[in-house]
Amino acid sequence: MNGTPKHHRAERTLAMILAGSADTGHQITAGSLRTQADHAAARGNRNLAANLHRAAELTALSDEEMLDLYELLRPGRATLDQLRQEAAQLRLRALPQVADLLDGAADAYHGRGLA
Amino acid sequence: MSSPESPTRRRAVLNARPVYRDRLAVENADLGLVAMDGPHDPAPSLRIRDGVVEEMDGRPREQFDLIDRFIADHGLDLAVAEAAMRLPDQRLARMLVDINVPRADLVRLASGLTPAKLARVAALLSPVEAMFAARKMRARAVPSAQAHVTNRVDHPLLLAADAAMAVATGFREIETTVPVLADAPINAIALLVGSQVPAAGALTQCSVEESVELTLGMRGLTSYAETVSLYGTEPVFIDGDDTPWSKALLVSAYASRGMKLRVTSGAGSECLMGAADGKSLLYLEARCIVLARAIGSQGVQNGGIDGISVAGAVPGGMHEIFLENLLVMWLGLEACTGNDTLMSASDIRRTAHTLPTLLAGSDLLFSGYGAVPAYDNSFGPSNFNIDDLPDYLVVQRDWMLDAALHEPDENELTGHRRTAAIAVRDVLDALELITLDDRHVDAAVDAHGSQDMPEIQSGQIARAGRLVLDKGYTVANVARALSQRGHHDLAVRVVAMAQLRGDGDHLHIGALVNPDLTIDCAFTAPNTYDGPTPQWRPGRERRAQITNLRHVEDVTAIPDRFTDHGPPWTTLGPAARSDDPRDVVIALSPAAGERIFTTLSGLSLRDVVTAIGHELASAGLRPRLVRVHRSIDLGRIAADGSALAGSGWSLALQGKGTAMVHHHGRPPLAGEELLSVAPRLRLHDYTQLAANLAGYLHDRPVDPVLIDPNGEPLGPPHHLDVVALVHVERTAQQERPPTEVTVR
């Protein structure tokens, strides 16, 4: 790998880490994920694209918030209203596609007696 | 007649075969114990109104369970569905094996097919047809493989050394897990560092409880995951405390932290949970795979996995396993094709399970080749383990197929193991997690498994693992520790692995990271197979890698072992026909005693000839040593010998040790007695053959020489010697009359 652009970038980042930075550049950004979503859609996988768009929105959440959201979606955790409210909250926080997922879950769970 | 209480000896021997430890089941559709085309599987159907799926596979929307609902609302491309569903099953099946129908067309059609339709079409394919379809349909151009790297005690230096070996052997994804959850962060660090030693770019995974796994990923200590499991029936989903929606969120959560992810499914999990809904393995798995695509997973790990033995118990089970792998490919997703669980006590049966995958190829042939001894595999023994590697590499060479692995140079390998063990020792020490002395490093380099390792005080690794979590250590801490302890290049590689995740190029279908940190995936390195051409076979470099195993021999060097004991025996002159009725000819091949002096069984040819001569003399005969030059064929040598013998009898001997008693007038190959298995012959066999000659000559009853019974293969250890020695005989052959020879 020596000599490749990615190698040089890693060298520079390592120098910054040694100088005290804790950032390794391993956090993906919403922008990168949306670009990757566009690539996936252009190659015909709209489901992968939708997943990556949701992922782009989830970069706005902390690890804890994200794990809480997962917990909420597990069976029997939330009432219909709770799911709807959480979806509305997410829309306000500009996570519309994650919100859609919650709304879809609310309908489906309700129909199966899970919420 | 034998009673059931006393089986025949034959039956008793067969009963002891390992395959009888595997258990087989009568098909039982109600319990889901049927491979495919189950009697309760629904007929495919799809009704769409105003862009909404109103009915799927015989079930109206109001009766949809959670899986139906998610698939109907997200998993079908309604723009192609109606036309795709109208295509007859057999037409679709034929398209899969038609080289003129492009892969892309089939992937597009699959996006409009319901699970029942997919299962029904796949079930039409014979194993060979399915293998061909897989060759055409897999996503990435070149197959790769994932390794399990674990050990019973989570010894971090052994994990590091084994991760390095796995990468040096060709694995591009390395997966670990733990017996003790708290050890997980240390395992993750050991793999992250060890895997980057021989080459950059291998992805690593620590398969543990979801929140810990996600945390390790968020910290940059792992780079991919495949623990997100899908099931084909709703009750199993709910029992697993998940739904398609919670799984979809989880899949997006991993992507949001830049982690590659594939979901896991596989036949038999619903049976094992007692909720198969009376459906066949293939139909339920088709539901999982369509769901996998619907939630946006780039790939699927399937092919039995934990349920492989359920599939193994039913007729057609292995066929079904291959078909479920194929379905993943047909849907255009990364196929990580199982073969990761030891599915039989029989070596023949477990190999038969895996071979079709190797021949057809897949994106990841194994979702866990056990790169450690079976006893050290914390996932349970894999279908292939490190002890099988030499066999695996020879099978790969036999078929000249790219089965993803190669044999690392032993010295380089030892170096990689040491570098990996030292680097991880240094990181753990620098981060004040655990201190391990040189004994541990040396043992990790040398060890076959954890039984060869010095003990680590109980609880120390778990304690260190908790420290990693509590102190918030990330990949940055690991990189800094590596650099501070002088492992600069390794630190750069570890940082590079973290940075890849920032870009997200490895989130695409079938993505693997090359040693130069470029990405091969379905988009950048697609499978464009279009029929038989040399282009699809391994290229020159890869061919050399597959071919040159450490025990490959140069046949031209072999004869030294058999020819180094000269000088040639003395030639006395032309051999004449004798009138002496006691005259017996010991007829030698062109090179026997001329260039070849040792037989295949390691006997000195001089000793053999001397023993034969003594035996004949003690029977009152007069043996004479004659070399036949014009033929290397034992029968012809014998016939030429017996034609000269006053008694009409000869005993012919080739340099490699094959021997025959022959009587003049008989056709060359109609020898009275033949010792053909030269590698097994002992001196007393030749003595007895000589004694028998005397018996035949005097028309006495004779006991033919019986070679010691031995079921070991003859050809594999000896045939190269035969090729080499026959070549020596052939070069010594001359068109000239026989000559008399003496060993003195």
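To keep things clear, this report deals only with the structure shown in the data block. Along each chain, residue indices are assigned from 1 in the same order as the chain's sequence is written. Chain A is the first chain written and ligand 1 is the first ligand written, with later ones labelled in order. Side-chain atom pairs in this predicted model are given and counted only at pLDDT of 80 or more, local residue features only at pLDDT of at least 70, and totals for whole chains, interfaces and linings cover all residues. Neither water nor hydrogens contribute to the side-chain values; these are computed over all heavy atoms in the structure.

## Considerations on the state of the cysteines
All names here are of chain B. Count a disulfide wherever a pair of cysteine sulfur atoms falls within 2.5 Å. Considering all chains together, one arrives at zero disulfides over all chains under this definition. Not engaged in a disulfide, the cysteine cysteine 271 finds its nearest cysteine sulfur in cysteine 288; these two sulfurs lie 12 Å apart. There is no disulfide at cysteine 336, and the cysteine sulfur nearest it, in cysteine 288, is 16 Å away. For each residue, the accessible area found with a 1.4 Å probe, counting protein chains only, is set against the maximum for its type, and the residue is called buried under 20%, exposed over 50%, and partly exposed in between. Cysteine 336 sits in the buried class, given a relative accessible area of 0%.

## A word on the pattern of salt bridges
The rule for a salt bridge is simple: a side-chain nitrogen of Lys or Arg has to be within 4 Å of a carboxyl oxygen of Asp or Glu. As enumerated under the stated definition, the model contains 46 salt bridges over all chains in all. Each of the salt bridges in this network shares a partner with another, and the network as a whole consists of Arg84(A), Arg91(A), Asp100(A), Asp103(A) and Asp107(A).

## A word on the sheet that holds strand 15 (residues 570-574) of chain B
Residue and element names in this part refer to chain B. Pairing between strands is defined by DSSP: at least two bridges between them are needed. Only DSSP runs of H or I reaching four residues or more are called helices, and only runs of E reaching two or more are called strands; each is numbered from the N terminus. Pairing is mixed in the open sheet, where seven strands are placed in the order 15-21-17-16-18-19-20. Each having just a single partner strand, strand 15 and strand 20 (673-675) make up the two edges of the open sheet. Sheet twist, expressed as the average angle between the axes of neighbouring strands with direction ignored, equals 30°. One ladder, built from four bridges, connects strand 16 (residues 583-588) with strand 18 (residues 649-653); its direction is parallel. Among the inter-strand pairings, isoleucine 586 is bridged to a residue of strand 18, identified as leucine 651. Residue contacts are defined here by distance: any two heavy atoms, one from each residue, within 4.5 Å place the two residues in contact. Axes here refer to lines fitted to C-alpha atoms; in helices the fit is confined to the stretch in contact. Angles between the N-to-C directions go from 0 to 180 degrees. Helix 28 (residues 683-697) rests against strand 16, strand 18, strand 19 (659-663) and strand 20 of the sheet, and its axis sits at about 160° to strand 18.

## Looking at the packing of helix 6 (residues 96-111) of chain A against helix 12 (residues 244-256) of chain B
In contact at an axis separation of 9 Å, helix 6 of chain A and helix 12 of chain B are set at 165° when each is read in the N-to-C sense. With respect to helix 12 of chain B, the axis of helix 6 of chain A lies roughly antiparallel. Considering the relative orientation of helix 6 of chain A and helix 12 of chain B, their crossing is left-handed. Taking contact as the criterion, the partners of Val98(A), Leu101(A), Gly104(A), Ala105(A), Ala108(A) and Tyr109(A) in helix 6 of chain A are, on helix 12 of chain B, Trp245(B), Ser246(B), Ala248(B) and Leu249(B). To sort the angles, those under 35 degrees are grouped as roughly parallel, those over 145 as roughly antiparallel, those from 65 to 115 as roughly perpendicular, and the leftovers as oblique. For any pair of crossing helices, the crossing counts as left-handed if the nearer helix is rotated counterclockwise from the farther one by less than a right angle, and right-handed if it is rotated clockwise.

## With respect to the interface of chain A and chain B
Taken residue by residue, the interface counts 56 residues in chain A and 65 residues in chain B. A quick way to say it: buried area is the sum, across both parts, of accessible area lost when two parts are put together, with a 1.4 Å probe. Taking both sides of the interface into account, the surface hidden between chain A and chain B amounts to around 5,200 Å²; carbon and sulfur atoms contribute 60%. At the junction of chain A and chain B, the tally comes to five salt bridges. Between Arg74(A) and Asp241(B) there is a salt bridge, with its nearest N and O atoms 3.9 Å apart. In protein, a polar contact means a hydrogen-donor-capable atom and an acceptor-capable atom, both N or O and within 3.5 Å, with residues adjacent in sequence counting only if both atoms are side-chain atoms; elsewhere, any N or O pair within 3.5 Å suffices. Along the contact surface separating chain A from chain B lie 26 residue pairs in polar contact (both at pLDDT 80 or more). Within the residue set of the side of chain A that touches chain B, elements represented by two or more residues are helix 1 (5-18), helix 2 (30-42), helix 3 (46-58), helix 4 (63-73) and helix 6 of chain A. No other element matches helix 1 of chain A, which puts nine residues into the side of chain A that touches chain B. Class assignment of the residues belonging to the side of chain A that touches chain B gives a composition of 26 nonpolar, 19 polar and eleven charged. Under this grouping Gly is polar, as are all residues other than the nonpolar Ala, Val, Leu, Ile, Met, Phe, Trp, Tyr, Cys and Pro and the charged Asp, Glu, Lys and Arg.

## With respect to unusual backbone geometry
Residues and elements named next belong to chain B. One non-glycine residue, aspartate 57, adopts positive backbone phi at about 45°. The backbone of aspartate 154 shows a phi angle near 55°, a positive value even though the residue is not glycine. Position of aspartate 154 relative to the elements: it lies in the loop between strand 4 (144-148) and helix 8 (156-169).

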